[in-house]
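Analysis of the macromolecular model
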Amino acid sequence: EEVGEQLARAGLALAAAGCEALLVCCNSVHHEVAFEALRRAVPRVLVLHIADATAAALSGKRRVALLGTAFTANENSFFAQRLRRRGLEVVLDEPAARAELDRLIYDELTVDVVREEAASWFVARLEGLRGGGH
């Protein structure tokens, strides 16, 4: 079954239960096809897109570093595209660092492995991006 169909079915059930707004908190299901299927299924329910909510929270900013899994943090991701449509310049880390972050998320954080070395690596990446470097 397609993700969009699953989201639409869940949205209909939530709307029938009186839900007035939905925010899906999983980046993986925010690609355009699935998200629009949900929005079409429940036209009377406010359906918030995580990237639009992020852009709204960044009001007044012009540049944002996008960090995350390979699915979320790449040049052509739904997240980067939607942020750009909202007028933000999206800064991505270098490909090797993005691959390492993807590995840390899936191989460590998702299985409750939190190492000081990984935290230090992450902070160093953030500092590098803040300074404009990659």
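Note that the structure is a prediction, hence the values are computed from the model and not measured. (Residues numbered from 1 in each chain as written. Predicted model: local features only at pLDDT ≥ 70, side-chain atom pairs only at ≥ 80, totals over all residues. Heavy atoms only, no water.)

Looking at the pattern of salt bridges
Evaluation of the coordinates by the stated rule reveals 12 salt bridges. Across the salt bridge formed by Arg39 and Glu36, the nearest N and O atoms sit 3.7 Å from each other. Highlighted residues: Arg39 and Glu36, both in helix α2 (residues 32-41), separated by 3 residues, approximately one helical turn. Residue classification places Glu36 among the partly exposed positions, given a relative accessible area of 25%. Here Glu100 and Arg103 are joined by a salt bridge, their closest N and O atoms 2.9 Å apart. One end of the pair, Glu100, and the other, Arg103, are both in helix α5 (residues 95-108), 3 residues apart, so they sit about a helical turn from each other. The class of Glu100 is partly exposed, set by a relative accessible area of 26%. (Salt bridge = Lys/Arg side-chain N within 4 Å of Asp/Glu carboxyl O. Helix = DSSP H or I, 4+ residues; strand = E, 2+ residues; numbered from the N terminus. Buried < 20%, exposed > 50% of the residue type's maximum accessible area, 1.4 Å probe, protein only.)

Points about the packing of helix α1 (residues 3-16) against α2
Viewed as axis vectors pointing N to C, α1 and α2 meet at an angle of 30°, and their least axial separation amounts to 8 Å. As far as their axial angle goes, α2 and α1 are roughly parallel. By crossing handedness, the relation of α1 to α2 is classed as right-handed. Here Val3, Gly4, Leu7, Ala8, Gly11 and Leu12 of α1 come into contact with α2, specifically with Ala34, Ala37, Leu38 and Ala41. (Axes fitted to C-alpha atoms, helices over the stretch in contact; angles between N-to-C directions. Parallel < 35°, antiparallel > 145°, perpendicular 65-115°, else oblique. Left-handed = near helix turned anticlockwise from the far one by under 90°. Contact = heavy atoms within 4.5 Å.)

Comments concerning the environment of Arg85
Note on placement: Arg85 falls in helix α4 (residues 78-85). Of the residues examined, Arg85 reaches a relative accessible area of 55% and is grouped as exposed. C-alpha of Arg85 to C-alpha of Tyr106: the two residues are 21 residues apart in sequence and 29 Å apart in space.

Topic: α5
For α5, with 14 residues, the first-to-last C-alpha span of 19 Å sits near the 20 Å given by 1.5 Å per residue. Considered for burial, the residues of α5 that qualify are Ala97, Leu101, Asp102, Leu104, Ile105 and Glu108. (Expected span 1.5 Å × (residues − 1).)

Focus: α1
Between its first and last C-alpha atoms α1 spans 20 Å; for 14 residues at 1.5 Å apiece the expected length is 20 Å, and the two agree. Every buried residue of α1 is listed here: Gly4, Leu7, Ala8 and Gly11. The buried residues of α1 occupy an angular sector of 100° when projected down its axis, which confines them to one face. Of the residues one or two after α1, Gly18 is the one with positive phi, at around 105°. (Arc of directions from axis to C-beta.)

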